[in-house]
Amino acid sequence: SSNLLSGTIPTEIGRLTLLKLVAIQDNELTGTMPTELGKLSELQFLFFEMNKLSGTFPSEFGNFANLRALHVFDNERLSGRLEYVLDLLPAGLTVLDASITAISGRIPSTIGKFTAMQAFGIQVAKLTGSLPSEIGQLSDLIGLGVGDNELHGSIPSEIGRLSALLVLLLSKNQLTGTIPTVVGELTDCIGVDMYGNFLSGTLPTEFGKLSKLQNLDLGVNILNGTVPSEIGQSSSLLGLSLQFNQLHGTLPSELGLLGAATHLEVGSNNLDGTLASEFVGWRSMVFLDLHGNMFTGSPSVLANLPLLRLLFIDGTRFNDLGGLCDVPFTW
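Everything numeric in this text was worked out from a predicted model, so none of it was measured.

## A closer look at a nonpolar patch on the surface
1) Next: On the surface, a nonpolar cluster with roughly 190 Å² of combined accessible area is contributed by Ile142, Leu166 and Ile190.
2) Next: Take Ile190: it is sitting in the loop between strand E15 (174–175) and strand E16 (191–193).

See below:
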């Protein structure tokens, strides 16, 4: 790996029938994956990521009875329908990393056969269809990343069965419906990204149960209702992004408990009221976006945040900004 290799993958690789690992990632390899790879029946790990491979997955991949990890990340011209690819791969597969490819098609219901899967990542690709309920059968799943595709439909409630999940990435799709309250069952989760969809309804109070959550991004949706005070119980939060929704009401004082948070974005909503004195607890806050809301009163409490470096308050109704003279802000 990482040797600036160019050219194609030689067909002679099929002669090395005892190989268990092939790692030629981060090179300049072009062309297709040769059918002779199917002769490597003992193969367990295949690392082809960060090359310039093209074409589709050979049907001979169906011979990989022992394959545990397939990494083809960042091969932008590598294509094929996901339904077909998954039919080729063994049920014992633990990692499929195929982001930044031209893989298309749907996530089929047969995804449920991969009960040993720990990481499933196909981001920045061409997936369509909806998230099948069978995704909930992947009980060992640690990372699920299908952002930046064309997925639609609702988020299945079965996602709450993924009790081992650490990262959930669903951003930049066309998902609709509400955020299922079963997100509160993902108690080990450290990152949830649903940015840039068409999700509606209110913010589940169950997010407050995720004490390990570090980043929550629900920006650019059509969420309404108020910001639940329970989010203040997510004491590990470093980043909270709720911008460009239809949220109203005041920011709950309980958000002041997020002492580890470094960035908070609630711009372009319908929030109002004054800033709670408890927000002085934002001792780690660096980036704060409050713009495009109807906040009133003085934002002087923000002058006491020692690390604040960027503040957006344009389009608000704040007055008495004198206390912010040492904080870069837009007005």
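## A look at empty space enclosed by the protein
1) Next: A full pass over the atoms with the stated rule returns one cavity of 30 Å³ or more.
2) Next: Estimates place the volume of the largest cavity at around 40 Å³.
3) Next: Along the walls of the largest cavity sit Leu240, Leu255, Leu258, Ala261, His263, Leu264, Trp282 and Met285, which together make up its complete lining.
4) Next: Class assignment of the residues belonging to the lining of the largest cavity gives a composition of seven nonpolar, one polar and no charged.

## Description of the pairing of strand E22 (residues 270–273)
The side chains of a regular strand alternate, residue by residue, between the two faces of the sheet.
1) Next: Residues Leu271 and Gly273 point to one face of E22 and are all buried, whereas Asn270 and Asp272, pointing to the other face, are not buried.
2) Next: The sheet contact formed by strand E20 (residues 246–249) and E22 spans two bridges and is parallel. From the neighbouring strand, His248 faces E22, where its bridge partner is Asn270.
3) Next: Bridging between E22 and strand E24 (residues 294–295) involves two bridges; their strand directions are parallel. Looking across to E24, one finds that Asp272 is bridged to Met294.

## With respect to the nonpolar core
For soluble globular proteins, the rule of thumb is that nonpolar side chains tend to be buried together.
1) Next: By size, the foremost hydrophobic cluster in this structure holds 94 residues, and its most contacted members are Phe120, Leu290 and Leu302.
2) Next: For this core, the element with the highest residue contribution is helix H1 (residues 82–88), accounting for four residues.

## A few points about the side chain of Ser241
1) Next: With respect to the helices and strands, the residue Ser241 is situated in strand E19 (residues 239–241).
2) Next: A relative accessible area of 4% places Ser241 in the buried class.

Procedures and definitions
- Residues numbered from 1 in each chain as written.
- Predicted model: local features only at pLDDT ≥ 70, side-chain atom pairs only at ≥ 80, totals over all residues.
- Heavy atoms only, no water.
- Patch = residues over 30% accessible without salt bridge, like charges linked within 9 Å, V, L, I, M, F, W, Y side chains within 5 Å.
- Areas by Shrake-Rupley, 256 points an atom, 1.4 Å probe, with all protein chains shown as cover.
- Salt bridge = Lys/Arg side-chain N within 4 Å of Asp/Glu carboxyl O.
- Helix = DSSP H or I, 4+ residues; strand = E, 2+ residues; numbered from the N terminus.
- 1 Å grid on protein atoms, 1.4 Å probe; cavity = no way out; pocket = protein on both sides within 12 Å on 5 of 7 lines; lining within 4 Å.
- Points joined across faces, edges and corners; volume = space filled by probe spheres on them.
- Nonpolar A, V, L, I, M, F, W, Y, C, P; charged D, E, K, R; others polar.
- Buried < 20%, exposed > 50% of the residue type's maximum accessible area, 1.4 Å probe, protein only.
- Pairing = 2+ DSSP bridges.
- Core = buried A, V, L, I, M, F, W, Y, C linked by side-chain atoms within 4.5 Å.

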